[in-house]
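Here is what each chain is made of, one letter per residue.
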Amino acid sequence: MEVGAIPILLVAVVLVMVPSAVQSESCDLHKFSNNKTFALCQELPVLDAELHYTYNATNGSLSVAFVATPPEPSGWTSWAVNPTGTGMIGAQAFVAFQVNGTVRTKTLNITGYKEIKPGNLSFAFWDVSAEKKNDVLTLYASLAVPGNKTFVNQVWNVGPGLADDGSGKLKPHALTGESLMSKSALSLTGAPVPTAAPAPSTPAPGNSTNTTSGTLGRMKMSGGFDLSLISAFMASMVILCLF
């Protein structure tokens, strides 16, 4: 075989292998009701959760589907954007919960740890709904991205259900392990994320700073292509072209 043919052969092999490897993962297997589709998907690094989403740069809107399994069959799931920090305090949350087997939604403006009450969010939102299938909750929402940025700080979690006193309050999530690590920067366009999404220089009290992009899940493009694999492939092609 001629040396010049080697790069061409490698290109063909990689192009065949990359889509099939990525398409076999859960991001690409999930099917939504009403044939909903999303441009990007991120397998979140903890709590076995996924975020499917589409960003509209024209009007600065974001549509999401957050997919997660609560720790109990009657439990809740939540996904939030934090416009002022990187942790729970300041998070503007969408919640899917259950009442007597019926899936419902509400929003939470989280201002403290001790008492969390339903409240309006600091940005416009619409089309909030949720559904349950095989113990998995899918939470849908659309929102106006704060500041019309292309990176946001996201926070997510799962919990055991509602309080036993009939107040309708959520039982708290676990205070150990993955439940304390469920936050990351999210690139709305699929571009590489910075070490932390843009936030004020003085974070809200109680928030920690995300100093590494290593907590981010793997990013997928519509059609099953993994952005990290594509980047690695392109780098390999540059090297091969030097020979």
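From a predicted model like this one, the values you see are computed outputs, not experimental measurements.

Cut-off values and rules
Residues numbered from 1 in each chain as written. Predicted model: local features only at pLDDT ≥ 70, side-chain atom pairs only at ≥ 80, totals over all residues. Heavy atoms only, no water. Phe/Tyr/Trp six-rings, centres within 6.5 Å; stacked < 30°, edge-to-face > 60°. Helix = DSSP H or I, 4+ residues; strand = E, 2+ residues; numbered from the N terminus. Buried < 20%, exposed > 50% of the residue type's maximum accessible area, 1.4 Å probe, protein only. Disulfide = S-S within 2.5 Å.

Student: Looking at this structure, how should I read the packing of aromatic side chains?
Tutor: Aromatic rings considered in pairs are described by the distance between their centres and by the relative angle of their planes. Applying the stated criterion across every chain yields a total of three aromatic pairs. For the pair Phe 32 and Tyr 140, a centre-to-centre distance of 6.0 Å together with 65 degrees between the ring planes defines the contact as edge-to-face. One end of the pair, Phe 32, is in the loop between α2 (26–29) and β1 (40–43); the other, Tyr 140, is in strand β8 (residues 136–144), and 108 residues separate them in sequence. Comparing Phe 32 with Tyr 140, the two get one shared label, buried. Seen in terms of ring centroids, Phe 94 and Phe 125 are 5.7 Å apart; in terms of plane orientation they differ by 80 degrees. Their pairing is edge-to-face. With Phe 94 in strand β5 (residues 92–99) and Phe 125 in strand β7 (residues 125–133), this pair connects stretches of sequence that are 31 residues apart. When its relative accessible area of 31% is taken as the criterion, Phe 125 is described as partly exposed.

Student: Would you take a moment to explain the environment of Gly 177 for this structure?
Tutor: Tracing the backbone through its elements, the reader meets Gly 177 in the loop between β9 (151–159) and β10 (183–187). Judged by relative accessible area, which is 43%, Gly 177 ranks as partly exposed. Distance from Gly 177 to Val 46, taken between C-alpha atoms, is 9.3 Å for residues 131 residues apart in sequence.

Student: Looking at this model, I keep getting lost on the state of the cysteines. Mind explaining?
Tutor: Throughout this description, disulfide means a covalent bond between two cysteine sulfur atoms. A complete count under the given rule lists one disulfide for this structure. Covalent S-S linkage joins Cys 27 and Cys 41, the inter-sulfur distance amounting to 1.8 Å. Residues Cys 27 and Cys 41 are joined through a disulfide that is left-handed, its torsion about the S-S bond being -70 degrees. You can see Cys 27 sitting in helix α2 and its partner Cys 41 sitting in strand β1, a full 14 residues away along the chain. Taking the relative accessible area as the measure of exposure, Cys 27 reaches 5% and is therefore buried.

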